[in-house]
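Residues per chain are reported as follows:
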Amino acid sequence: MPERGRPAYDPLEPGEGEAIAPTGQGGPMDLALDEAESLEKTLGDDPTGPAEKARSLWSDAWHQLRRNPVFIVSSLLILFLVVIAIWPQLIASGDPLHCDLSKSQQGSSPGHPFGYDTQGCDVYTRTVYGARASITVGVCATLGAALLGSALGGTAGFFGGWGDATLSRTADIFFGIPVVLGGLVFLSVVTSTTVWPVVGFIVLLGWPQIARIARGSVITAKQNDYVQAARALGAGNTRMLLRHVAPNAVAPVIVVATIALGTYIALEATLSFLGVGLRPPTVSWGIDISNAASQIRNAPHMLLYPAGALSVTVLAFIMLGDAVRDALDPKLR
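All values reported here derive from a predicted model rather than from experimental measurement.

Rules used throughout
- Residues numbered from 1 in each chain as written.
- Predicted model: local features only at pLDDT ≥ 70, side-chain atom pairs only at ≥ 80, totals over all residues.
- Heavy atoms only, no water.
- Helix = DSSP H or I, 4+ residues; strand = E, 2+ residues; numbered from the N terminus.
- Buried < 20%, exposed > 50% of the residue type's maximum accessible area, 1.4 Å probe, protein only.
- Contact = heavy atoms within 4.5 Å.
- Areas by Shrake-Rupley, 256 points an atom, 1.4 Å probe, with all protein chains shown as cover.
- Disulfide = S-S within 2.5 Å.
- Salt bridge = Lys/Arg side-chain N within 4 Å of Asp/Glu carboxyl O.
- Axes fitted to C-alpha atoms, helices over the stretch in contact; angles between N-to-C directions.
- Parallel < 35°, antiparallel > 145°, perpendicular 65-115°, else oblique.
- Polar contact = N/O pair within 3.5 Å; in protein donor to acceptor, adjacent residues only side chain to side chain.
- 1 Å grid on protein atoms, 1.4 Å probe; cavity = no way out; pocket = protein on both sides within 12 Å on 5 of 7 lines; lining within 4 Å.
- Points joined across faces, edges and corners; volume = space filled by probe spheres on them.
- Nonpolar A, V, L, I, M, F, W, Y, C, P; charged D, E, K, R; others polar.

So, on to the overall build of the protein chain. Within the protein chain one finds twelve helices and zero strands. Element order for the protein chain, N to C, with α for helix and β for strand: α-α-α-α-α-α-α-α-α-α-α-α. Classification of the 333 residues of the protein chain by burial places 38% in the buried group. Expressed as a percentage of contacts within the protein chain between residues at least 6 apart in sequence, the contacts between residues at least 24 apart total 66%. When the accessible surface of the protein chain is totalled, it reaches about 19100 Å², and 64% of it is carbon and sulfur.

As a further point, take the state of the cysteines. The tally for this structure, following the rule as stated, stands at one disulfide. Disulfide partner of Cys99: Cys121, at an S-S distance of 1.6 Å. With the S-S bond torsion at 60°, the cross-link from Cys99 to Cys121 turns out right-handed. With a gap of 22 residues between them, Cys99 in the loop between α3 (69-86) and α4 (123-159) and Cys121 in the loop between α3 and α4 connect regions that are remote in the sequence. For Cys99, a relative accessible area of 32% corresponds to the partly exposed category. Residue class for Cys121 comes out buried when judged on its relative accessible area of 3%.

Let's shift gears to the environment of Leu148. Within the secondary structure, Leu148 is located in helix α4. Beyond its immediate sequence surroundings of up to four residues, Leu148 is in contact with Val203 and Trp207.

Summed over the entire model, instances satisfying the criterion amount to six salt bridges. Across the pair Arg215 and Asp164 runs a salt bridge whose closest N-O atoms are separated by 2.5 Å. On the criterion of sequence distance, the pair formed by Arg215 in helix α7 (residues 196-221) and Asp164 in helix α5 (residues 161-175) is long-range, its members being 51 residues apart.

What follows covers the packing of α3 against α4. How two helices sit against one another is set out by the angle between their axes and by the gap between those axes. At a closest axis distance of 8 Å, the pairing of α3 and α4 adopts a crossing angle of 100°. Considered as vectors, α3 and α4 are oriented roughly perpendicular to each other. Contact with α3, carried on its side by Leu81, Ile84, Ala85 and Ile86, involves Val128, Ala131, Arg132 and Ile135 of α4 and no other residues of that element.

A separate point is helix α11 (residues 285-293). Of the positions making up α11, those classed as buried are Trp285, Gly286, Ile287, Asp288, Ile289 and Ala292. If you follow the buried residues of α11, they end up packed against α4, α10 (251-273) and α12 (301-328). With a side-chain oxygen positioned 3.2 Å from the backbone nitrogen of Gly286, the residue opening α11 is Ser284.

Another aspect to go through is empty space enclosed by the protein. All chains considered together, the criterion is met by one cavity of 30 Å³ or more. In this structure, the largest cavity spans a volume of roughly 30 Å³. Contributing to the lining of the largest cavity are Leu187, Val190, Ser192, Thr194, Pro197, Val198, Val276, Gly277 and Arg279. The residue makeup of the lining of the largest cavity, split by class, is five nonpolar, three polar and one charged.

Don't take any of this as a statement about function, it's just geometry.
Here it is, written out as structure tokens:
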């Protein structure tokens, strides 16, 4: 029997393993304990609860990209294009420069599904090999413009002053140059048949756009509290720019560069179509489209396949850029 003056159950009785134990009588205390246990299990099982580790911008972006079908489809398509650009022999065993005039403008035949062009060259083989020049120009021009524009724009935005003003006015001058007209003037005096003059021209006119994006992103990032704290702790300008500002300002540059890659591929095809870009014997979609334009009524297959390959490639890179933009910009989620 319980002692007089002492309750039948003492929640603070020494030796008990719990501070509060159930009474076993279904009272309000038991209901409160059941609700607490249910809440504890719910919080422990919920992946969005307080126990979840916070993700960084890049890990959160990758988490979003893996679940975006647009990113998956465009990435697989771009991977396929890159593979055939490096190893076109995997799906095309012929020689793109081997032509037979006796088969000029003939249609599809066994072993030659795309038919022949005016010179009797296999359209399928030339379409496959044309990916190499277009992908090379697009990737190299994008890397060059991104590196040059990021370096100039980021430095000008971080330090400001007369350097920032000079860069802004110089970029305005380049923005005023029509791209196609500039290509006609610049590339018409070049006699090289390689891709590098075209890459150099695209970088020359492409870096101001990247520089303007990088400049604005750096100006925004350097005003954050962690940059001011690093400055107060005695960090130098180089350390703050490379360790604190640049990693948090590079996302817009990546988005713009990814979308611009598809634009640069289309620009190369346009210049090649006009006769001032890539030139024979280089195999290019723009060259094939130019040769097929005058024969579109007699042999439409000559234009259909290289133009289709160009359109699909440009669309894939633009879709990839849109998916990356949606993942890196929290405002669009």
